[in-house]
Amino acid sequence: MTTKRCAALLALLGASAAGCVEPVTLAPPPPEGELAVGESREVTLRFLRLDVEDFAQTLGPEELRRLPRKTLEETWLFDMELRPLVENALDRFTRLPLEEAKALPQPAWNMFALLNMTPASARLDGTSLAGLTAVGEAVGISPSRILADLAGVGPNEPLAAPSAVTDVVLDQVVATHPRARVRSGPVTADHPEGFYDVEKGKIALTLYDVATDFASLSERFGRAPLDPARPEGPAHPGFLRSASGLSTAEGGFRMTVRLDVNALPYRGIDASHARVASVNSIGGQMGHAFDFSDPHWLDVQGLAEDLSIREMTMTIAEDPTYLAPGTSRDPRPLGNSPVWNAAPWAEERVLAETGRRLAARISPHCTTYSPAGEVSDPFEAVRVCIDAEGWVKIDVDPSVILTVPPPQPSYYWDMLLEVAQARMHDGGLVEGEANVVMPVHDVPVGVRTEEVVARIRENIETNPAALRDMAEALTQNTRGDADFFYVQPEGTAEDWLYFVAPEDIRKDAEGKPVRPYAYTTPGFFADPALTRKVSSRVELDGDTTHEKVRIEPGDRLYVKDAEGRVFEIVAEEKPSLHRLALVVTRAS
């Protein structure tokens, strides 16, 4: 019956109810308590259909928040590329107006200065590289020129290219987070623990993120145990302190889902009490509930044309101890600094790895410097070399008198690590207080809105379990704990009994089953010993999930419930076309 036909019938109820619907009679309340062995009760089930075509349900954040969290978390929208987001976040941070940057907390200001450090602005005091100043003064050459020549950049270019920093943050901070590698999803034979791999360099976004205005990202990607089975064990410190709001157009995010369904639940029996219970009818209709050929089966509205996250604060935790730069080429290829034994997400390790990757971009070369001005007998006063392994050596002619010795040979990354650690603790910060905090606003996501919408539609369409959970959440009408239920296939007057499947178990407010699926012998049998099964998973109305059997007056069936009790089911004469009278007797 279509929606229009149903409405027409309802309008005519006052004049012709007796001619188009069965009369409703009040039945006495069923007996309470479980059946005793040998006790029988008669139960009458009624089958009703309300076929609704193109049933549209629009969900905004408020409506989404009413759905079970499990359903929201397992409804995967798309995997968001992090490279554009992280690169844009770093770019926004390094381009903060100076006055705004100076108002940041000391650790954030220190990182702002460090990311903007150029050969010309580099402060080398408190490090062994301070000797470059003495070398420069001795030959009349600025230390910034020596540093620029060594790094292969201009005097006012950042020493750390944003792309190199982005690469390391993605590889060592984001990719090492245990929740960045997998996402939650429905339990299936291929995914028995309900975890699905996420491609490196991406993070999975779900309906839960939309429902929480993306605040869930900081919850998910904050501190987390490396082994979920050992919450008290070693943990990743996380990389997001806060996040909120994917940019939206006027009216905000809205998602409209259209279904063609029988909107009424099935009536079934809780055998232990021989009483009526209801089972959500949506699950058995997934094969035809959504018309994927209709481009409007799922509409996503309200996303801004240029997607961005309104607020995001990235964090990188520093190691609580000082990690001295290396002083030896061995062990190759990294040297002897303890930084390489630190956690990959530690701030110092990130800095050292950034330096190593920058060194790999520098062509091996030597640069010589003679004293400035006219010299009667020019000579090479200073020689600065970096080889293919990133080893830096500064040679000074013995005739050059220095007040401070020149820097000792070291790897390029060790030089940068020493300077970085000194600058991280400017302002009196002690070890453990220099954790990076980078707050930014309106960070471009780096993907077009139409592409996001296309991914959402494609991913939901290919996820039957998510579709089922969403549809059931929209029509929450399972009541009680039925062991089997009554169905008349569409277009027939045949009576069938379906044994419940795992997805029929009633859910709590969080979307989790209220009881385990503990049936050891699901299905219908011809004998109390359950040796002759008469049910099968024959396809009816697209359903192949349930054990089912056609039943007629006089038939006698046996079932076992989740507690292992056996019941006899006898079909009596039908009270009417869409009613089924059953006598339930506890056999054991």
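Residues numbered from 1 in each chain as written. Predicted model: local features only at pLDDT ≥ 70, side-chain atom pairs only at ≥ 80, totals over all residues. Heavy atoms only, no water.

Caption draft 1: Broad picture of the sheet that holds strand E25 (residues 579-586). Pairing in this open sheet of 4 strands is antiparallel, and the strands run E1-E25-E24-E23 from one edge to the other. Whereas interior strands pair on both sides, the edge strands pair on one side only; in this sheet they are strand E1 (40-46) and strand E23 (556-560). If you compare each strand with its neighbour and ignore which way they point, the axes differ by 30 degrees on average. Note that E1 and E25 share 7 bridges and pair antiparallel. When the bridges of E25 are listed, Glu 42 appears paired with Val 583. (Pairing = 2+ DSSP bridges. Helix = DSSP H or I, 4+ residues; strand = E, 2+ residues; numbered from the N terminus. Axes fitted to C-alpha atoms, helices over the stretch in contact; angles between N-to-C directions.)

Caption draft 2: Structural view of the pattern of salt bridges. For the coordinates displayed, the defined rule picks out 40 salt bridges. Arg 123 is the salt-bridge partner of Asp 426, the closest N and O atoms lying 2.8 Å from each other. With a gap of 303 residues between them, Asp 426 in the loop between helix H15 (412-424) and strand E19 (436-444) and Arg 123 in the loop between helix H7 (106-115) and helix H8 (131-139) connect regions that are remote in the sequence. Residue classification places Asp 426 among the buried residues on the basis of a relative accessible area of 18%. Asp 481 is paired through a salt bridge with Arg 515; the nearest N and O atoms lie 3.5 Å apart. (Salt bridge = Lys/Arg side-chain N within 4 Å of Asp/Glu carboxyl O. Buried < 20%, exposed > 50% of the residue type's maximum accessible area, 1.4 Å probe, protein only.)

Caption draft 3: Region of the structure containing the sheet that holds strand E9 (residues 240-246). Taken in spatial order, the 3 strands line up as E9-E14-E19 in an open sheet, and their pairing is antiparallel. Edge positions in the open sheet fall to E9 and E19, since each of these has one partner strand only. Looking at each pair of strands side by side, their axes are set apart by 10 degrees on average, direction ignored.

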